[in-house]
Amino acid sequence: VKHGFLIKAGRVTGWLLAFLVMLVLLAALVLQLPAVQRAAKNKAVSYLTQKTGVPVQIASIHLAFPEMLVLKGVYLPQPGKDTLLYAGRLGVQLGMLALLNGEVEINDVWLTDAVVKLSTDSTGRANYTFLTEAFTTADSPEPIAKPTDS
């Protein structure tokens, strides 16, 4: 009786694992669909524009499952002024384990064909301060950056 139970349990476990693998592969394929990536881009533009108060533009998003996100044609102006950031391509490599825990961990960022205009005014306030203020709330902990040497 024990031997038969172990065989059944093994089969059930095998089917469950196969189902989970297929589900992950299906998710990876769905993320490659242009309509899904277009919807992700529109949602990102809407969220970032609302959150920062400036008209953010993104030409396209490519989600490379599971850890890579590439944005093309990224434009971020300063409030009421000219360009803060333009990037032909902006790539972000995410930490998969952190994503599984509901956190965002950025392992690497790269820019190509980019213009970044950083400055401070006479009071020492940086022109990108509106970004840190937009993504920091009174109850959120200070982000901890762990720079690494490449």
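The shown structure was predicted, so the numbers you read here are calculated from the model rather than taken from an experiment.

> What is the right way to read the sheet that holds strand β1 (residues 60–64) from this model?
Adjacent strands of a sheet pair through backbone hydrogen bonds, lying either parallel or antiparallel. A sheet is described by the order of its strands in space; here four strands give the open sequence β1-β2-β3-β4, paired in antiparallel fashion. Only two strands of the sheet have a single neighbouring strand rather than two, namely β1 and β4 (106–116). Along the sheet, successive strands turn relative to each other by an average axial angle of 20 degrees, direction set aside. With nine bridges connecting them, strand β3 (residues 83–94) and β4 associate as antiparallel partners. The residue of β4 that forms the bridge with Leu-90 is Leu-111.

> How should I be thinking about the side chain of Thr-83 in this particular structure?
Tracing the backbone through its elements, the reader meets Thr-83 in strand β3. A relative accessible area of 12% means that Thr-83 is categorised as buried. One polar contact links Thr-83 to Asp-82, side chain to side chain, over a distance of 3.2 Å. Excluding its chain neighbours within four sequence positions, the residues that come into contact with Thr-83 are Tyr-75, Leu-76, Pro-77, Gln-78 and Lys-117.

> Looking at this structure, I do not really get unusual backbone geometry. What am I missing?
With the exception of glycine, the majority of residues adopt a negative phi angle, and the majority of peptide bonds are in the trans configuration. At Asp-113, a residue that is not glycine, the phi angle is positive and equals roughly 50 degrees. Inspection of the secondary structure assignment puts Asp-113 in strand β4.

Rules and cut-offs
Residues numbered from 1 in each chain as written. Predicted model: local features only at pLDDT ≥ 70, side-chain atom pairs only at ≥ 80, totals over all residues. Heavy atoms only, no water. Pairing = 2+ DSSP bridges. Helix = DSSP H or I, 4+ residues; strand = E, 2+ residues; numbered from the N terminus. Axes fitted to C-alpha atoms, helices over the stretch in contact; angles between N-to-C directions. Buried < 20%, exposed > 50% of the residue type's maximum accessible area, 1.4 Å probe, protein only. Polar contact = N/O pair within 3.5 Å; in protein donor to acceptor, adjacent residues only side chain to side chain. Contact = heavy atoms within 4.5 Å.

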